[in-house]
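# Overview (structure and organization)
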Amino acid sequence: MSILPNRIPARMKGLNRAEICDVNFSEFVRDWDGDVEAAPAPHEPILDGSALDAQGFRELFESQLISRHLDLMARVLRVQNKVFYTIGSSGHEGNAMVARATRHTDPAFLHYRSGGFMAERFRKLPGMDPVMDSALSFAASSEDPISGGRHKVWGSKPLWVLPQTSTIASHLPKALGTAIAIETGRRLGHDLPIPDDSIAICSFGDASSNHATAQTAFNAAAWTAYQKLPAPVLFVCEDNGIGISVKTPNGWVERNFSQRPDLDYFYADGLDLANGYADVQRAVEHCRKTRRPTFLHLRTTRIMGHAGTDFEIEWRSIEELCAVEASDPLLRSAAIALQSGLMSKDEVLALYEATRKRCFAAAEEADRRPKLDKLDDVIAPLAPYTPAAVKAEAERADYAARRLEVFGGDDKLPENQPPRHLAIQINNALHDTFAKYPETLLFGEDVAQKGGVYTVTRGLQKAFGPRRVFNTLLDETMILGMAQGFANVGLLPIPEIQYLAYFHNACDQLRGEAASLQFFSNDQYRNPMVVRIAGLGYQRGFGGHFHNDNSITALRDIPGLVVGCPSRGDDAVTMLRTLTALAKVDGRVAVLLEPIALYMTKDLHEAGDGGWLTGFPAPGEAMELGEGRVYDEGNDDLVIFTYGNGVPMSLRAARQIEQKHGWKARVVDLRWLVPLNDGFIVEQARNAKRILIVDEGRRSAGVGEGVITAIAEGGFGARPFQRVVGVDTYTPLAGAAFLVIPGEEDIVAAADRLAG
Ligand SMILES: Cc1ncc(C[n+]2csc(CCOP(=O)(O)OP(=O)(O)O)c2C)c(N)n1
Ligand SMILES: [Mg+2]
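From a predicted model like this one, the values you see are computed outputs, not experimental measurements.

### Overview of the site of ligand 1
- Lining the immediate environment of ligand 1, one finds 17 residues, of which His111, Tyr112, Ser166, Ser208 and Ile242 sit closest.
- For ligand 1, an oxygen atom lies 2.7 Å from a polar atom in the side chain of histidine 111.
- With the chains in place, 73% of the 580 Å² that ligand 1 exposes on its own is no longer accessible.
- Within the shell around ligand 1, the residues separate by chemical class into five nonpolar, ten polar and two charged.

Put into structure tokens, the structure is as follows:
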């Protein structure tokens with residue numbers, strides 16, 4: 001429906017489209033000359049046949065106006081450096097209907113154009129102010145109630161809007177994960193923080209719907225529903241027909257989604273509140289009642305460009321631009337307000353101007369509010385750490401009765417068994433963790449009946465049932481998305497990534513999403529998890545690159561992440577206790593990197609010596625974050641810093657080096673790779689006469705670089721040192737594998753160089 005006349009007056013050719021859209025509204029209202037009906041009572045339909053009543057319409061209209069004036073305000077104050085973000089919601093304000101039709105306890109993951117939704121959701125709780133809250137976020141004030149001034153996000157703790165930045169589509173997997181988690185939590189009898197019949201809401205743009213991360217969520221949702229498992233997620237595609245400057249082919253969203261099996265498609269006109277509301281309601285009710293994944297195709301338009309920096313007039317014809325602006329949903333809402341007799345022209349204009357005033361006043365006030373001006377304050381929520389509480393939680397041993405039940409009696413407790421290898425002790429540790437925390441879930445590819453490709457999770461499903469231990473579909477992005485979902489409702493996920501190489505294709509789910517949640521929510525939202533990843537090389541040439549991936553770099557620079565890498569069974573047990581405690585106490589996202597080649601390793605120096613078997617540390621013992629293990633403390637002739645497979649290799653090489661050079665060597669297992677414990681490293685370097693770094697990862701940006709940097713910054717950079725490190729290449733098959741990763745002979749050769 002084109003509401004404005006086709007002729008294009010000279011002033012409409014102006015450069016500032018925000019100003020033009022602004023003026024359009026007032027002119028449209030003034031010039032409107034339609035028939036006026038008898039004013040409806042508050043609970044009568046706003047127009048004949050509409051599912052929306054007059055009161056509902058008035059509130060939605062107000063929410064739309066708030067959203068619009070926040071956009072207009074941002075465009076003006078950006079120029080004065082009072083606002084730092086101008087991606088707006090203009091043309092999308094109809095998404096307020098989705099907020100109206102849902103509850104404030106339905107977790108929402110929003111598109112950056114969901115300003116109307118946000119304004120409307122604020123109505124659901126008394127005493128909240130969408131204008132001031134948003135203004136504080138636009139102004140990056142530290143008083144911004146959601147991000148504390150770190151980013152302009154749509155988010156709110158009391159309103160269950162989990163903040164999103166604008167990486168396209170990355171929030172869909174966790175939205176689906178949250179939907180699944182609501183059902184899993186309910187079935188487990190877990191005390192959900194929201195009502196049992198909640199749904200998860202997730203909005204995104206039309207272009208974004210093509211993204212691999214979006215497609216993965218649609219597929220996983222359908223995969224779930226196909227098996228008659230509930231997945232009450234409402235996907236809301238806000239279709240404005242364009243992504244920045246690229247048009248979505250006409251009809252593509254409908255074509256792509258209306259016929260998908262097990263993804264139930266609904267269409268609603270988001271440009272017209274009176275017509276659209278019934279369809280929005282239908283979609284919401286369907287999702288809530290059937291618990292099936294629901295796709296709401298919401299028609300929107302985009303006016304005022306992609307962002308304030310997008311001068312559409314430079315790349316689109318003026319005719320096209322004016323046609324788009326004529327479809328402005330606020331013009332339609334104004335027409336409804338006037339035609340229904342609900343408001344007079346003066347009332348509409350007065351409301352419009354009053355909302356403008358309110359938004360500007362809030363923005364000016366927000367500009368005067370404090371900003372983040374200390375680094376410590378900026379990063380405070382990134383990686384909270386309360387050592388005493390973490391230690392107490394890790395050492396907590398008040399679950400003895402449940403343990404006895406799980407392991408089947410005192411004589412079966414793992415600490416009463418002879419020493420075992422790494423895989424067995426991790427398996428024991430997982431049983432132990434499940435006994436301690438009824439909220440833990442373990443899931444991934446092949447982890448259930450088979451117990452994982454290395455049988456590390458064997459027996460868990462039998463012991464704890466298919467609701468707590470289950471196979472997922474083959475999709476690492478969804479595995480990590482689900483983990484976030486479970487965490488969002490208070491469960492403790494332990495997802496497994498089968499091989500380190502497969503983490504890399506889902507990396508953004510930790511890097512961009514899970515690890516960033518505490519930062520962007522000022523630590524109000526947490527998605528604690530312990531991700532188990534099997535990896536690293538040394539499988540006797542078997543398996544090639546994917547099964548021997550040794551690239552830890554992608555994990556090393558994820559802000560806030562914790563990565564532990566145990567080289568032996570007892571360390572894995574005490575490390576896992578600390579990782580789960582970090583998750584419980586401080587909400588942290590952590591990775592347990594398990595060296596595959598050590599899973600079954602039993603011997604250290606000679607065949608049959610059992611030198612790499614360990615006992616199971618009884619509950620009560622844990623390993624402090626950052627605490628390394630030192631072999632042969634006090635030896636200073638040579639200090640070898642290493643981790644993972646490097647530990648037993650270095651211990652063996654140290655014997656040869658002593659025989660050759662007479663040096664007494666100390667081997668330092670870092671154990672914690674992210675963050676590196678610089679203080680500990682420096683202390684170990686202090687008395688070292690020579691230093692060797694044995695890093696099985698890759699040369700560039702690997703752990704070894706961090707160790708050298710710590711030593712140098714600690715003042716010991718002048719000590720003679722050598723680094724033995726993997727080559728910057730992919731790992732080949734068979735014997736060639738040993739050409740690219742460090743071996744014992746390389747360690748000895750490096751010592752020779754130190755001697756020479
Ligand atoms: C992964 C990713 N790739 C690219 C971008 C850059 N980008 C931001 S918005 C956008 C267009 C999105 O279009 P659409 O999904 O239709 O949403 P709209 O802005 O039209 O509401 C692009 C390409 C991004 N934010 N994230
Ligand atoms: Mg779009």
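Following the structure, the description resumes.
### Re the environment of glutamate 624
- Inspection of the secondary structure assignment puts glutamate 624 in the loop between strand S15 (589-595) and strand S16 (629-631).
- A relative accessible area of 49% means that glutamate 624 is categorised as partly exposed.
- Here the alpha-carbon distance between glutamate 624 and valine 682, two residues 58 residues apart in the chain, equals 18 Å.
- Every residue in contact with glutamate 624, bar those within four places of it in the chain, is listed here: Tyr385, Thr578 and Trp672.

### Some details on a negative patch on the surface
- Negative charge collects at one region of the surface, where Asp31, Asp33, Asp35, Glu37 and Asp48 lie side by side.
- Position of aspartate 33 among the secondary structure elements: in the loop between helix H1 (17-31) and helix H2 (54-79).

### Here's the deal with unusual backbone geometry
- In this structure, the amide linkage connecting valine 674 to the following residue, proline 675, adopts the cis form with an omega of -10 degrees.
- Tracing the backbone through its elements, the reader meets proline 675 in the loop between strand S19 (672-674) and helix H26 (678-686).
- Even without being a glycine, aspartate 523 presents a positive backbone phi close to 65 degrees.
- Looking at the secondary structure, you find aspartate 523 in the loop between helix H21 (517-520) and strand S13 (529-535).
- Overall, aspartate 523 belongs to the partly exposed group, its relative accessible area being 23%.
- Non-glycine residue aspartate 632 carries a positive phi angle of around 65 degrees.
- With a relative accessible area of 49%, aspartate 632 lands in the partly exposed category.

### Structural notes on the coordination of the magnesium ion (ligand 2)
- With distances of 2.0 to 2.1 Å, the protein atoms coordinating the magnesium ion (ligand 2) are Asp206 (OD), Asn240 (OD1) and Ile242 (O).
- Within one chain, the residues donating to the magnesium ion (ligand 2) are spaced in sequence as D-x33-N-x1-I. Across the pair, exposure class does not vary: asparagine 240 and isoleucine 242 are buried alike.

The rules we used
- Residues numbered from 1 in each chain as written.
- Chains lettered and ligands numbered in written order.
- Predicted model: local features only at pLDDT ≥ 70, side-chain atom pairs only at ≥ 80, totals over all residues.
- Heavy atoms only, no water.
- Near = heavy atom within 4 Å.
- Polar contact = N/O pair within 3.5 Å; in protein donor to acceptor, adjacent residues only side chain to side chain.
- Areas by Shrake-Rupley, 256 points an atom, 1.4 Å probe, with all protein chains shown as cover.
- Nonpolar A, V, L, I, M, F, W, Y, C, P; charged D, E, K, R; others polar.
- Helix = DSSP H or I, 4+ residues; strand = E, 2+ residues; numbered from the N terminus.
- Buried < 20%, exposed > 50% of the residue type's maximum accessible area, 1.4 Å probe, protein only.
- Contact = heavy atoms within 4.5 Å.
- Patch = residues over 30% accessible without salt bridge, like charges linked within 9 Å, V, L, I, M, F, W, Y side chains within 5 Å.
- Salt bridge = Lys/Arg side-chain N within 4 Å of Asp/Glu carboxyl O.
- Lys, Arg positive; Asp, Glu negative; His and termini not counted.
- Charge placed at Lys NZ, Arg CZ, Asp CG, Glu CD.
- Donors = N, O, S within 2.8 Å, 3.2 Å for Na, K, Ca; no water.

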